[in-house]
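The primary structure of each chain is shown beneath.
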Amino acid sequence: EIFHTRQFRDWFVFSPAMTVPRLGSVLLCRRIFGSRLGASKGQHQPSGHKSGLATSSKLMDMFFTKKHEWVLVEGTKGTIGVSAYAADALGDVVYAQLPDPGDSVEAGEECGALESVKAASEIYSPVSGTVAEKNEKVEDGPALINQSPQVEGWLFRVDLADPGQVSELMNTADYENYLKECEDH
């Protein structure tokens, strides 16, 4: 099987110094090799796992909104960002305004903004809580959102007010189905 050859595996192994392929490249690879390339799309890999080719698209506790924000829940903490789909739709992000540590954010409410060469877009928090940290690397170099929207391009972290709020969001499989519906319209 091609997924186990060294040449193919080496082509998809990423180090923190390398960039993750753009969504168009991933979609082309998915067309060629099927949908078994789940984790090579800049999706979160659990701590201690090496990035690379994965044969499963299952993510650990990641949830999405219909506005294409995601939250990765780890206990009572949540890391928030925008999906690869949103990053691709925005184009090259040139500015990011993120909430500051200590700010309160409410689920579904505006809490920041992204600007690209194509458009400006508000950031809506998928969950309520208190901002614990913002990704200063993204503020300093917003192109990181395009390069790695679901790993290094995360936006901010929160202490969740109600971890149960994620039940109102889409899991990864539901989000992928939602994207297919969006493409059909």
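On a predicted model such as this, the values are computed, not experimentally measured, just so you know.

Draft legend 1. Just the side chain of E69, in detail. With respect to the helices and strands, the residue E69 is situated in strand β2 (residues 69–74). Within the buried core, E69 has no salt-bridge partner, and the shortest N-O distance to an opposite charge, that of K67, equals 6.8 Å. Residues contacting E69, with those up to four places away along its chain left out, are F63, F64, G81, V82, E122, I123, Y124 and P126.

Draft legend 2. Quick peek at the sheet that holds strand β9 (residues 156–160). As summarised here, the arrangement of the seven strands in space is β5-β8-β9-β3-β2-β1-β10, forming an open sheet in which the pairing is antiparallel. Of all strands in the sheet, those bounded by a partner on one side alone are β5 (104–105) and β10 (170–171). Two elements, strand β1 (residues 62–64) and β2, share three bridges in a ladder whose sense is antiparallel. Within β2, the residue paired with F63 across the bridge is V71.

Draft legend 3. A nonpolar patch on the surface, seen in detail. Taken together, the side chains of V94, Y95 and V117 define a hydrophobic patch exposed on the protein surface, amounting to about 300 Å² of accessible area. Residue position: V117 is located in the loop between β6 (110–116) and β7 (120–124).

Draft legend 4. Fine view of the nonpolar core. One finds V71, L114, V127, I145, L155, F156 and V158 to be the most contacted residues of the largest nonpolar core, which totals 26 residues. Sorting the residues of this core by element identifies β2, β3 (77–82), α3 (84–90), β4 (93–97), β6, α5 (143–147) and β9 as the ones contributing at least two each. Non-local contacts of L155, meaning those with residues more than four positions away in its chain, are made with I80, G81, V82, L98, I123, K134, N135, V138 and I145. F64, W70, W154 and L179 belong to the second largest nonpolar core, which has nine residues in total.

Draft legend 5. Examining a negative patch on the surface more closely. Together, E106, E109, E110 and E122 make up a negatively charged patch on the protein surface. Note that E109 resides in the loop between β5 and β6. Residue E109 is classed as partly exposed on the basis of its relative accessible area, which comes to 48%.

Draft legend 6. Up close: the pairing of β6. β6 sits mainly inside the fold: five of its seven residues count as buried. By the bridge criterion, four bridges tie β4 to β6 in an arrangement that is antiparallel. Bridge pairing links Y95 to E115 in β6. The sheet contact formed by β6 and β7 spans five bridges and is antiparallel. What sits directly across from E115, in β7, is A120. What sits between β6 and β7 in their antiparallel hairpin is a turn of three residues.

Draft legend 7. Molecular detail of the packing of aromatic side chains. Scanning all chains against the criterion turns up two aromatic pairs. Centre to centre, the rings of F64 and Y175 are 4.2 Å apart; their planes meet at 5°, and the pair counts as stacked. Residue F64 is found in strand β1, and its partner Y175 is found in helix α6 (residues 172–184); the two are separated by 111 residues along the sequence. Note on F64: relative accessible area 3%, which makes it buried. Take Y175: its relative accessible area is 4%, and that puts it in the buried class. Each residue in the set F64, Y175 and Y178 is aromatic and connected to the rest through ring pairs, giving one cluster. Positioned over the ring face of Y124 is K67, at 3.9 Å from the centre of the ring.

Cut-offs applied
- Every chain begins its residue count from 1, and numbering advances along the sequence as written.
- Note on the predicted model: pLDDT of at least 70 is required for a residue's local features to be given, and 80 or more for side-chain atom pairs to be given and counted; whole-chain, interface and lining totals, by contrast, use all residues.
- Calculated side-chain values reflect all of the structure's heavy atoms, with hydrogen atoms and water omitted.
- Strands are runs of DSSP state E lasting at least two residues, helices are runs of H or I lasting at least four, and both sets are numbered from the N terminus onward.
- Buried residues are those whose accessible area, probed at 1.4 Å on protein chains only, stays under 20% of the maximum for their type, while exposed residues exceed 50% and partly exposed ones sit between those limits.
- Neither His nor the chain termini are counted; the positive set is Lys and Arg, and the negative set is Asp and Glu.
- Salt bridge, as used here, is a side-chain nitrogen of Lys or Arg placed within 4 Å of a carboxyl oxygen of Asp or Glu.
- Working rule for contacts: check all heavy atoms of both residues, and any pair within 4.5 Å makes them a contact.
- For two strands to count as paired, DSSP must find a minimum of two bridges between them.
- Here, patches come from residues exposed beyond 30% relative accessible area and free of salt bridges, joined within 9 Å for like charges and within 5 Å for nonpolar side chains (Val, Leu, Ile, Met, Phe, Trp, Tyr).
- Only the protein chains shown count as covering a residue, and every accessible area follows the Shrake-Rupley method with a 1.4 Å probe.
- For this analysis, a nonpolar core means a set of buried residues of the types Ala, Val, Leu, Ile, Met, Phe, Trp, Tyr and Cys, connected via side-chain atoms within 4.5 Å.
- For charged residues, the charge sits on one atom: NZ in Lys, CZ in Arg, CG in Asp, CD in Glu.
- In summary, the pairing rule links any two rings of Phe, Tyr or Trp, Trp by its six-membered ring, whose centres are within 6.5 Å, and it sorts them by plane angle into stacked for under 30 degrees, edge-to-face for over 60 and tilted for everything else.
- By the criterion adopted, a ring carries a charge over it if an Arg CZ or a Lys NZ lies within 6 Å of its centre and within 35 degrees of its normal.

All quantities given are derived from atomic positions and should not be read as evidence of function.
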